[in-house]
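A structural walkthrough
Chain residues, written in single-letter form:
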Amino acid sequence: MKGVLLINLGSPDSPEVKDVHKYLEEFLMDERVIDIPYWKRFLLIKGIVLRTRPQKSAAAYQKIWWKEGSPLVVISERFANKVAANTKLPVALAMRYGGMPIEKGFKKLTDKGVDDILIVPLYPHHAMSSTETVMVKAEEIRKKKYPKVKTTVVPAFYNEPNYIKAMSNNIQTHLSGFDYDHILFSYHGLPERHILKTDPTKKHCTLDQSCCETKSIAHKTCYRHQCFETTKEIAKVLNLKDGTYSNSFQSRMLKDPWIKPYTDFEFDRLHQEEGKKKLAVITPAFVADCLETLEEIAIEGEKQFLEAGGEDYKHIPCMNDNDDWVALMNSWIDKWENSPQ
């Protein structure tokens, strides 16, 4: 019997410091998130980062927390429920970190007799700290507790035509009536070393524009290239003119070099150097609004851009549980369900 397991990043159980601390410890101690030797990671995270970051993150979560709970979890549940209502297959939702672990998702499906699972990492772009860690964790659970269960993983869908169309429709809907002069595509950032590590050729990636534009097998796992491709494809559908849109990367941490340009730098530069006055910001690395979109972009981003001299600002919501996105997911499920074994 077939079933579907949707997996997103996760969230603290509450915006209280103790719950945020617990969540951050699990997240940051993942070797695919902070990819340094265990002893260094232990000293850095538990000895330094977790002494101050939970308090700061808890304050940020408190700004965006809903009555129903974490926005990411609530939105993901709404999305999963809509998807489940449009398929006969059992559908479960899990999170890589926090109180909805992947193992519970497996159990929910296997308790219903499922022995063939379509795993959907809810990340459009491949990265070792998102798609890869979900795949590794799911396989670890399968081998240990459900060895007879078959799994299929949906690959990165950053340039899938129907996904691009759904994204573009969402952007158009939310841009209606907003007289922007620039759109900033702000993607979640990664350390530069992550990009180099995921290059299977170990020589293609040079972290400049040339490598992303030169065809290579490395693009299959290159987060940076895939982000640029998403923007390029959306720009084609929306007929965006050169100079009216650009890319940036947000949410960097620690002191290592991360992929550039940095979103917070762009909020100042776009007005001060390019004279942009009315900015729209879209976050295509996320399918559901969360701390990084609702607090970092919708609240702090607007404040920074307006303080830099900008006149108007609009955060474009993620696709969340909109009907186009639900229909697209159901089409992928239907295709898998009816594919030959």
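Conventions we followed
Residues numbered from 1 in each chain as written. Predicted model: local features only at pLDDT ≥ 70, side-chain atom pairs only at ≥ 80, totals over all residues. Heavy atoms only, no water. Buried < 20%, exposed > 50% of the residue type's maximum accessible area, 1.4 Å probe, protein only. Helix = DSSP H or I, 4+ residues; strand = E, 2+ residues; numbered from the N terminus. Pairing = 2+ DSSP bridges. Core = buried A, V, L, I, M, F, W, Y, C linked by side-chain atoms within 4.5 Å. Contact = heavy atoms within 4.5 Å. Expected span 1.5 Å × (residues − 1). Polar contact = N/O pair within 3.5 Å; in protein donor to acceptor, adjacent residues only side chain to side chain. Axes fitted to C-alpha atoms, helices over the stretch in contact; angles between N-to-C directions.

Of all seven residues that make up strand S5 (residues 182-188), six are buried, and the element is covered over most of its length. Sheet topology note: the S5/strand S7 (residues 278-282) ladder contains four bridges and is parallel. Paired with Phe185 across the two strands is Ile282, which belongs to S7. Of the strand pairs in this sheet, S5 and strand S6 (residues 245-250) are connected by six bridges, and their pairing is parallel. From the neighbouring strand, Ile183 faces S6, where its bridge partner is Tyr245.

Membership of the largest hydrophobic core comes to 98 residues, with the highest contact counts inside it found for Leu6, Phe106, Tyr223, Trp325 and Met329. Phe106 has contacts with Leu5, Ile117, Ile119, Ala138, Ile141, Arg142, Tyr146, Val149 and Thr151, leaving out every residue within four places of it along the chain. Listed in part, the eight residues of the second largest apolar core include Leu184, Phe267, Leu270 and Phe305.

Moving on to helix H13 (residues 323-337). Between its first and last C-alpha atoms H13 spans 21 Å; for 15 residues at 1.5 Å apiece the expected length is 21 Å, and the two agree. Within H13, the full set of buried residues consists of Trp325, Val326, Leu328, Met329, Asn330, Trp332, Ile333 and Trp336. Structurally, the start of H13 carries an N-cap: the backbone nitrogen of Asp324 is 3.1 Å from a side-chain oxygen of Asn322.

It is worth spelling out the sheet that holds strand S1 (residues 2-11) at this point. If you walk across this open sheet you meet the four strands as S2-S1-S3-S4, and the pairing is parallel. Two strands in the sheet have a free side with no partner beyond their single neighbour: strand S2 (91-98) and strand S4 (150-153). Ignoring which end each strand starts from, the neighbouring axes of this sheet average 30° apart. Bridge analysis of S1 against strand S3 (residues 116-121) gives six bridges, and the strand direction is parallel. Opposite Gly3, over in S3, you have Ile117 as the bridge partner. Contacting S1 and S2, helix H3 (residues 71-85) crosses the sheet at an angle of about 160° to S2. Across the sheet, helix H5 (residues 131-145) touches S1, S2, S3 and S4, and the angle it forms with S2 is around 110°.

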